[in-house]
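Remarks on the overall topology
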Amino acid sequence: MAPNERATTSQVVSMDREHVWHPMTQHTTLQRRDIGVMREAKGAMITDGDGREYLDAYAGLWNVNVGYGRDEIADAVSEQIRTLPYYPHTRANEPAARLAEMLAEILPGDLQYIFYSNSGSEANETAIKMARQYARQQYPGENRYKIISRYQAYHGFTYGAMSATGQVPRRRKFEPLAPGFIHVSPPYCFRCPIKLTYPECGLACVEEFEEVIQREGPDTVAAIIAEPIIGGGGIIAPPDDYFPRLREICDEYGVLLIFDEVITGFGRTGELFGANHWDVVPDIMTMAKGVTSGYLPLGVCAATPRVYDAFLGDADDGREFAQVVTYGGHPVCCAAGVANIEILMRERLWENSAKVGAYLQEQLTALDSPHVGDVRGKGLMIAVELVDDDGAPLDKPSMDKAHAAIVAAGVLVGRMSHVLPGPESIFYLSPPLIITEADADRIVGAIRQGLATVA
Ligand SMILES: Cc1ncc(COP(=O)(O)O)c(C=O)c1O
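Model, not experiment: these values are computed from the prediction. (Residues numbered from 1 in each chain as written. Predicted model: local features only at pLDDT ≥ 70, side-chain atom pairs only at ≥ 80, totals over all residues. Heavy atoms only, no water.)

**So, the pairing of strand 9 (residues 284–287)**
With burial as the criterion, each face of strand 9 is covered, one bearing Ile-284 and Thr-286 and the other bearing Met-285 and Met-287. In the sheet, strand 8 (residues 256–260) pairs with strand 9 via 3 bridges, with the strands oriented parallel. Bridge pairing in strand 9 links Ile-258 to Ile-284. Alignment of strand 9 against strand 10 (residues 299–303), held across 4 bridges, turns out to be antiparallel. Paired with Thr-286 across the bridge in strand 10 is Cys-301. (Buried < 20%, exposed > 50% of the residue type's maximum accessible area, 1.4 Å probe, protein only. Helix = DSSP H or I, 4+ residues; strand = E, 2+ residues; numbered from the N terminus. Pairing = 2+ DSSP bridges.)

Right, here's the structure in full:
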């Protein structure tokens, strides 16, 4: 086949079957079924190789925030490839500088120094390393290296980020992971891991952070990392006093607070950033997905002056941040980021996320089914947790049937996997932030059809 000739769907399937190894996919099942080829997309709609159209209520993988098919991003990328396709970020380039300036303007508080990488995992690797080097330079004589995170949290696939990840089934095959990572209970009120009820619990899950810091010794703890709303681990938004209290604990013990906004950033939750829901400013914030809406890969780690200043010194005293990323600050990826954020800000998409998200939650909550155990989330980041007659997570065969019916109704949704031992019965909705109430109705209709398959 000529290099620029378009392959047919069956040609793609056969090339793929011969040579491609897919993530989280049991390839023996691909002997019996096609993996599915995606061909083109526009707005919130995506078309597969057989010409079937779906409403993508998962926005790719939580990331196509501005929707598919934005010419503005394509044009910016194409122009940048022609002008300057690449140069290492040991020198400056215009798109990376412009994007950093835009981010500094919209990020919470005084977050304003931007270190680039290529993905959410790498942004978190960067944050973890930044926190460790910061702690060594800020507290000479102490050995602060431990990172505390939560069970059910997801921070990425690379070793450091995976070590911070609290999804045990996802980690087990690769253990032992990096040392120095400790996990505490997540604020999963629907199935509280400490078996308490909010607010009588007195925020026991936040107090666990302080207990762990005291037990381990504050002079050994560098940072706490948390998603403002846990994403793949169940869409878990904490009670409103959770993060303000966590900020206090961090300040009391000189521990950095890192927010992983890889999913929650750029309008997903109905605010520009998840942190804005509680007016809490972390010391370090990581981002990826929505920064380019997935058009090109880009990871961002932003720091406050408190962190950045600890890396300043004389040219030869070795205080500079000891990390280089070949594709960090990639001019083409940053050009996509600039065009993407221009769209996000011009169309104020976080407002649509808040409005349509509230409508969608309302409609889902009104679904008349004993199997809807909980509907939760913020903005267009919503979980529908299904239960059996006893309130336990719905079994896998029933989830499979419900999922197949939702897809057959023309809607793609996410689904929890590899987070908890035992059945996982949560569907995820994270559509492009441009969807309308009519789109929301279509999503609810598909979920209704899914629920109808559950006995
Ligand atoms: C909260 C969070 N952090 C980090 C990551 C890792 O991002 P990436 O897959 O781009 O490495 C993800 C990916 O889904 C995520 O949801």
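Structure shown, so let's carry the discussion forward.
**Digging into the environment of Leu-360**
The topology assignment puts Leu-360 in helix 12 (residues 349–365). C-alpha of Leu-360 to C-alpha of Phe-209: the two residues are 151 residues apart in sequence and 34 Å apart in space. Aside from chain neighbours lying at most four places away, what touches Leu-360 is Leu-380, Ile-382, Leu-429, Ala-440, Ile-443 and Val-444. (Contact = heavy atoms within 4.5 Å.)

**Notes on helix 13 (residues 396–408)**
Compared with the 18 Å implied by 1.5 Å per residue over 13 residues, the 18 Å span of helix 13 between its first and last C-alpha is a close match. Those residues of helix 13 that fall on the buried side of the exposure criterion are Ser-398, Met-399, Ala-402, Ala-405 and Ile-406. All buried residues of helix 13 fall inside an arc of 130° around its axis, so they share one side. Facing away from the buried side of helix 13 by more than 90 degrees, the exposed set consists of Lys-396, Pro-397, Lys-401 and Ala-408. Tucked inside the fold, the buried residues of helix 13 contact strand 12 (381–386), strand 13 (411–412), strand 14 (414–415), strand 15 (426–429) and helix 14 (437–452). Regarding helix 13, its N-cap is Asp-395, as a side-chain oxygen of that residue lies 3.0 Å from the backbone nitrogen of Ser-398 further along. In the segment just after helix 13, Gly-410 is the residue with positive phi, at about 90°. (Expected span 1.5 Å × (residues − 1). Arc of directions from axis to C-beta. Polar contact = N/O pair within 3.5 Å; in protein donor to acceptor, adjacent residues only side chain to side chain.)

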